[in-house]
Structure formats: C-alpha cells, structure tokens
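A look at the structure
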Amino acid sequence: MSRHQYDLVQCMKQPGTRVGKVCQQCDGRCPICDSYVKPTAKVRICDGCSFGHLGDKCILCGNGLGREEGSGSAAYYCLECVRQEKHREGCPRIVNIGSSKADMMFKKVSTNSLQR
Ligand SMILES: [Zn+2]
Ligand SMILES: [Zn+2]
Ligand SMILES: [Zn+2]
C-alpha cells in the first residue's frame, strides 16, 4: 500500500533521545506505514540523524523545517505499528533520498567488471 516501500530505505540505527521531526506536509504521518490514524508514540531518531543540518529536516521527505528553533512537528508512530512493536526497530528516518544516482553508478561499475 505504501508508495515508497520499494525505493526508500530507513536508517534503523539504535534511536537516541532526540525526537524525530516532520514538516507540515508529513505532520501526523506514521513513518513506518504512512497511516494518519491514531498517532500514538513519539518517534525517536538516532544521534547520526539528529546531528547538525539533518536535525532541521523532515525525517520522512527531507524537506527543510525552517530556521526557527522548534519548527516542525514531532513525528508519531500510529497505534497499529506500536502494537506490532515496529517502533522499537530503530531510527525510522528515510536515508536514501536522491540515491538513485549512486545506484546507477554502481550498476555501471559492476557491468564494466563483468565485461573484463
Ligand atoms: Zn515531510
Ligand atoms: Zn504505522
Ligand atoms: Zn538514524
């Protein structure tokens, strides 16, 4: 059902204490299943994903949250994902936005080595 299940990868590192932030567009959306129903548990992201400029970006779409302190909304897991303990699996930030370029380069390199 999810649009991005196939081409987007989540970080899944051990979450730290920072709360994941989302932009207005993604407000109320569960980072696991995209549901807007019954937001239940606050999202925690790992230290790597809350560091520096990453902390100012939406964890779901990578949009900037604005410069002001406290901009963006806290992300929440939906009730269904909390029931299935999916919220314990790790940092849910989408990490491979814009990586299709890197994938293409990887394919090119592997084709070259096959030809040799
Ligand atoms: Zn967003
Ligand atoms: Zn969910
Ligand atoms: Zn992370």
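Here goes a summary of the coordinates provided. (Residues numbered from 1 in each chain as written. Chains lettered and ligands numbered in written order. Predicted model: local features only at pLDDT ≥ 70, side-chain atom pairs only at ≥ 80, totals over all residues. Heavy atoms only, no water.)

Within the protein, the atoms that donate to the zinc ion (ligand 1) are Cys 23 (SG), Cys 26 (SG), Cys 58 (SG) and Cys 61 (SG), at distances of 2.2 to 2.3 Å. Classification of the site at the zinc ion (ligand 1) rests on its four donor atoms, whose angles at the metal span 104 to 117°, yielding the label tetrahedral. Spacing between the donor residues of the zinc ion (ligand 1) along the chain follows C-x2-C-x31-C-x2-C. Pair noted here: Cys 23 is in the loop between β2 (21-22) and β3 (39-42) and Cys 61 is in the loop between α1 (47-50) and β5 (73-74), with a separation of 38 residues, a long-range link. (Donors = N, O, S within 2.8 Å, 3.2 Å for Na, K, Ca; no water. Tetrahedral: all angles 85-135°; square planar, octahedral: opposite > 155°, others 65-115°. Helix = DSSP H or I, 4+ residues; strand = E, 2+ residues; numbered from the N terminus.)

Donor atoms from the polypeptide that bind the zinc ion (ligand 3) are Cys 11 (SG), Cys 46 (SG), Cys 49 (SG) and Cys 91 (SG), placed at 2.3 Å. Given four donor atoms and angles of 103 to 117° at the metal, the environment of the zinc ion (ligand 3) is assigned as tetrahedral. Cys 46 sits in the buried class, given a relative accessible area of 3%. (Buried < 20%, exposed > 50% of the residue type's maximum accessible area, 1.4 Å probe, protein only.)

For the rest of this paragraph, the subject is unusual backbone geometry. The phi torsion at Met 12 lies on the positive side, around 60°, for a residue other than glycine. One can find Met 12 in the segment before β1 (18-19). Given the relative accessible area of 31%, Met 12 is considered partly exposed. One non-glycine residue with positive phi stands out, namely Glu 85, at about 60°. When you line up the elements, Glu 85 lands in the loop between α2 (79-83) and α3 (100-115).

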